Amino acid sequence: MSNQANKCCCGGEANNMAQLDELLAKWQGVKGALIPVLQGAQDIYGYLPKEVICYIGEKLNVPTSQIYGVVTFYAQFHLAPRGRNIIRVCQGTACHVRGGAKILKAIEENLKIAAGKTTPDLKFTIETVACIGACGLAPVMMINDDTHGRLTPDRIPEILGKYA
Amino acid sequence: MTDVNKTYESVPLYNDLSFFKKQQRLVLANCGFMDPEVIEEYIIRGGYEALAIALTKMSPADVVEEVKKSGLRGRGGGGFATGMKWSFAAKSPGPKKYVVCNADEGDPGAFMDRSVLEGDPHKLLEGMAICGYAIGADEGYIYCRAEYPLAIKRLKLAIKQAEDMGFLGDNLFGTNFSFHLKIKEGAGAFVCGEETALMASIEGKRGMPRPRPPFPAISGLWGKPTNINNVETFANVPTIITKGADWYAAIGTEKSKGTKVFALTGKVNNTGLVEVPMGITMKEVIFEVGGGIPNGKKFKGAQIGGPSGGCIPESLINNPIDYDSLIQAGAMMGSGGLVVMDEDTCMVDLARFFLTFTQAESCGKCTPCREGTKRMLEILNRITEGKGKAGDIALLEDLAKNIKATALCGLGQTAPNPVLSTLRYFRHEYEAHINEKRCPAGACGALASFSITEACKGCSLCKKVCPVNAISGEAKALHAINKDVCIKCGACVEKCPFKAIIKG
């Protein structure tokens, strides 16, 4: 399995593998290392590929099943690659009454993926959030660190086009 | 150039401002008054004096006794006597014990611990070191949520500075007491604020709670005796040691000593962190410290204690804020969120909001919490959508009582509180939703209905802004809304210059 990780190493950069080994060396033999190692690995790869999880399990002597359990428990960990642009569509109360659901639908139709998913070209990930604290601009979404407010469904293609 | 002979307009003293007048800042004493990244500033303000006193002039048993005498109770929610908790861990056989700080502040709308971590990190380290000495632990962990990057950065820096200065490390103050601190970053799970779940998470496992006993004082982190307190609790300890338990116990009420920090938010003029002596009334906090309700609206209630807490109605506004009075009123101190609500807030919708949160954060280990909160949420959803049925209130109450009695941990046991307390004080709102399909506060979108009054001048602005063309009417004539087409977005209400469109 370790050979496989060396070969594919998810993202293809040999550099990543060296960083992962360095991370694992740092935490070798430390109690409770699993979560910090997973956090570090996700910083390197952007998400936690299956091969990386298997490799970590082998190095830390933890069953893959147990790592999978931990990864799926915490909101911070991702098992699938995430898009370069993260779209956070607000579904809070203020946005809800001003048509937040229609905005989400327009984005989903435009990108042809459902909320929570990533486009096959890894350009976009759609997420929904409970409130981003910009209720005065409702309905609102964030793309990376940019806030887009007072949205209407017909403005969506143009806004997404800027990031494509 | 300053003219010494000229009289300038005076700047009001802190204590002349109504926001500060009734506050007593012990935990937040240094926040905002010093550079938290410079250890010398903390020392000049009396920092690490308490640790020196404890280590050189007191025995560990003396420290436990002093904390017991102070009457300090856990500030994380439960309100368990801190000195008592320490004495259990102190009695457990060593040699290896741990001190853990719960800095996994996750309640929506609460940021008390964050301000201590970011504004006065050394106070926490000092409190933890004193605890380590008292219970005989040489190692501690601070479990801080990863969403607080500045707090983590400042804690790391503070630990490094304290180690360099000899306030953390081996043989502190020339004694044989050693204490080392480590930071653990959370990975995003609300339930990790529960102590047994938090320890599982530090150990690198899924952060799920386990039954108690054994309590952490007997078998905690890696099976060793562990004392776990939250940030605010530890931050009270240095003051107790330097000023003495008697001084501290003089603040507050008979059974709730000292001060409490609240995150005051919602429909109130002065929002922010407030630290007030226990026993102060809700009315003083909201109307004097908070400066009352904006826009001349009427006070309806206050939600205290976040998703685990409850609603205090106007009739109880003169009750003192302390652990036991709040429990009696069906709320709880919780970590310290205090959300003020005016007449526009729908209590059913509020209960639904908090339950949505706890339901999503339920770890799924025990059935009452996993299944019970889901069923309760389904009922609340249908009530707010105008599909409530006769018997729904009784069913909600039945479920709530069962979940409270049987859930494994604090998250589940307190999750029904927002529903139970709103049912207790605002039952008529539930009944209006179910029986009359009406939301008295006009907040539940599905039950809202808009109509145009005689005040309409026929300007047609509403007609233009309506996204679904539900409004009709000739120019300069009274307009009307077609309720079958209206999607209740409220855009017309905001656009109307004559306030002619009403909701309800």
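The structure presented is a predicted model; accordingly, all values stated were derived computationally and were not measured. (Residues numbered from 1 in each chain as written. Chains lettered and ligands numbered in written order. Predicted model: local features only at pLDDT ≥ 70, side-chain atom pairs only at ≥ 80, totals over all residues.)

**Q** I'm lost on the overall build of chain A in this one. Help?
**A** From N to C terminus, chain A includes eight helices and four strands. Along its sequence from the N terminus, chain A presents helices and strands in the succession α-α-α-α-α-β-α-α-β-β-β-α. Burial analysis of chain A (164 residues in total) assigns 29% to the buried set. Restricting to contacts in chain A with at least 6 residues of sequence separation, those with at least 24 account for 61%. (Helix = DSSP H or I, 4+ residues; strand = E, 2+ residues; numbered from the N terminus. Buried ≥ 20, exposed ≤ 12 C-beta atoms within 10 Å, placed from the backbone. Contact = placed C-beta atoms within 7 Å.)

**Q** For this particular structure, what's the right way to read the sheet that holds strand S3 (residues 180–185) of chain B?
**A** Residues and elements named next belong to chain B. Strand order in this open sheet of four strands is S3-S2-S1-S4, and the pairing throughout is parallel. Two strands bound the open sheet, and with one partner strand each, they are S3 and strand S4 (226–230). Shown here is a sheet whose adjacent strand axes are inclined to one another by a mean of 20°, direction ignored. Judged from the five bridges that link them, strand S1 (residues 98–103) and S4 form a sheet pairing that is parallel. (Pairing = 2+ DSSP bridges. Axes fitted to C-alpha atoms, helices over the stretch in contact; angles between N-to-C directions.)

**Q** In this structure, what is going on with the interface of chain B and chain A? I would like to understand it.
**A** Bring the parts together and some accessible area is lost; that lost area is often taken as the interface size. Tallying the contact residues gives 17 residues for chain B and 17 residues for chain A. Residue classes in the side of chain B that touches chain A are distributed as seven nonpolar, six polar and four charged. (Nonpolar A, V, L, I, M, F, W, Y, C, P; charged D, E, K, R; others polar.)

**Q** I tried to follow the sheet that holds strand S3 (residues 141–143) of chain A on my own but got confused; where do I start?
**A** Where strands meet in a sheet, backbone hydrogen bonds hold them as pairs that are either parallel or antiparallel. Residues and elements named next belong to chain A. Pairing is mixed in the open sheet, where four strands are placed in the order S2-S1-S3-S4. Each having just a single partner strand, strand S2 (124–129) and strand S4 (146–148) make up the two edges of the open sheet. For this sheet, the mean inter-axis angle between neighbouring strands, taken without regard to orientation, is 20°. Bridge count between S3 and S4: three bridges; the pairing is antiparallel. Along S4, the bridge assignment pairs Ile143 with Asp146.

**Q** Just checking my understanding: could you explain the nonpolar core for this structure?
**A** As a rule of thumb, soluble globular proteins bury nonpolar side chains together. Within the largest apolar cluster, 168 residues are counted, with the highest numbers of intra-cluster contacts made by Ile130 and Val285 of chain B. Top element by residues in this core is helix H7 (residues 121–135) of chain B. It accounts for nine residues. Once you skip the residues sitting within four places of it in the chain, Val285 of chain B turns out to touch Phe262, Leu264, Val274, Val276, Ile280, Gly290 and Ile321 of chain B. The next biggest cluster of nonpolar side chains, apart from the first, holds 16 residues, and it includes Ala106, Ile107, Ile126 and Leu151 of chain A. (Core = buried A, V, L, I, M, F, W, Y, C linked by C-beta atoms within 7 Å.)

**Q** Before we go on, may I ask you to explain helix H16 (residues 392–406) of chain B in this structure?
**A** Every α-helical turn comprises 3.6 residues, leaving residues that sit three or four positions apart pointing alike. Residue and element names in this part refer to chain B. Here H16 spans 21 Å end to end across 15 residues, near enough to the 21 Å set by a 1.5 Å rise per residue. Of the residues making up H16, those classed as buried are Leu396, Ala400 and Ile403. Down the axis of H16, the sector holding all buried residues measures 70°, keeping them to one side. Turned more than 90 degrees away from the buried face of H16 sit Ala394, Asp398, Lys401 and Ala405, all of them exposed. (Expected span 1.5 Å × (residues − 1). Arc of directions from axis to C-beta.)

**Q** Help me understand the environment of Gly337 of chain B in this model?
**A** Residues and elements named next belong to chain B. Structurally, Gly337 is set in strand S9 (residues 337–342). Looking at Gly337, the number of C-beta atoms within 10 Å reads 24, which means it is buried. Here the alpha-carbon distance between Gly337 and Met112, two residues 225 residues apart in the chain, equals 8.4 Å.

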